[in-house]
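Residue-level structural notes
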Amino acid sequence: DNSSNDVTLGAHFMIYRTSGVAQKIEGVSFVGFGQQGVKDRYPINFRQSKSSPSTVKHNTIRDSNQRCIVLSNTRGVVISNNVAHNTAGHCYAMQDGSESNNMFFKNLGSLTTKPTNLIAGASDGTPATFYITNSANSFQGNVAAGSRSSGYWFEMNTAVTGESLNDADATITSLNPSLNALSLFEGNIAHSNTQHGIKIYPTGFNSAQSNFLTNTKSYRNKLF
């Protein structure tokens, strides 16, 4: 918006309602994207894309005003080998809790900061480099460094939120994300985060199955 002098209002990129259509976002530099305090205005945002056999890889996101790569009611995306630095709010994030079967592979997030203007009702005031609202996703070889709060935050609620509440699919609207088992968490690193390297408070894991954080390194954080 050229008429605005607000430096926290940048461009945003949304992939909207593209179920079954493969999207490929590769080798792009996103600088100064995102609109702080405005929901769904992120550098990369898959919104209501349902089953999305898409790839997001080899991109850089720098100086983001709000978040980095966000999934909302989207499944099947591979997010790999991306770098995000100096970003405000949750970085690699899920929004509604209905997101599943996505793969986060060898991504780096550094200097995840607290935004000045918060999305109403969101938890970005305690930002996580990886914000996880559904554990039925895979995380392998990622690095979260220098967050102003947490590296990885598992916050699985007992019901989905946002637009997923109005989904036509009853299996989505009735979903209890807190009961899902962790698909894969292997070889991830959390270091130099102001608070937690890995945070599961307050919801924890309520799955009947065992959940494993395999070959995980967490160091130089105030808390594990």
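Residues numbered from 1 in each chain as written. Predicted model: local features only at pLDDT ≥ 70, side-chain atom pairs only at ≥ 80, totals over all residues. Heavy atoms only, no water.

Quick look at the packing of aromatic side chains now. Applying the stated criterion across every chain, the model contains 10 aromatic pairs. With 5.4 Å between their ring centres and 70 degrees between their planes, Tyr-131 and Trp-153 make a pair best called edge-to-face. Pair noted here: Tyr-131 is in strand β13 (residues 128-132) and Trp-153 is in strand β16 (residues 150-154), with a separation of 22 residues, a long-range link. With a relative accessible area of 9%, Tyr-131 lands in the buried category. Measuring from centroid to centroid gives 6.1 Å for Phe-139 and Phe-185, while their planes differ by 50 degrees, and the two rings are tilted. Separated by 46 residues along the polypeptide, Phe-139 in strand β14 (residues 138-140) and Phe-185 in strand β17 (residues 184-186) bring together distant segments of the chain. With a relative accessible area of 1%, Phe-139 lands in the buried category. (Phe/Tyr/Trp six-rings, centres within 6.5 Å; stacked < 30°, edge-to-face > 60°. Helix = DSSP H or I, 4+ residues; strand = E, 2+ residues; numbered from the N terminus. Buried < 20%, exposed > 50% of the residue type's maximum accessible area, 1.4 Å probe, protein only.)

Time to look at the pattern of salt bridges. Applying the stated criterion across every chain yields a total of five salt bridges. Between Glu-26 and Lys-24 there is a salt bridge, with its nearest N and O atoms 3.4 Å apart. The residue Asp-40 makes a salt bridge to Arg-47 at a minimum N-O spacing of 3.7 Å. Pair check on accessibility: Asp-40 and Arg-47 agree, each one buried. (Salt bridge = Lys/Arg side-chain N within 4 Å of Asp/Glu carboxyl O.)

This brings us to the layout of surface pockets. Of the voids in this model, the largest pocket is the one considered here, and its volume is about 290 Å³. Taken together, 19 residues form the lining of the largest pocket, with Gln-95, Gly-121, Ala-122, Tyr-131 and Thr-161 sitting closest to its centre. Class assignment of the residues belonging to the lining of the largest pocket gives a composition of seven nonpolar, eight polar and four charged. (1 Å grid on protein atoms, 1.4 Å probe; cavity = no way out; pocket = protein on both sides within 12 Å on 5 of 7 lines; lining within 4 Å. Points joined across faces, edges and corners; volume = space filled by probe spheres on them. Nonpolar A, V, L, I, M, F, W, Y, C, P; charged D, E, K, R; others polar.)

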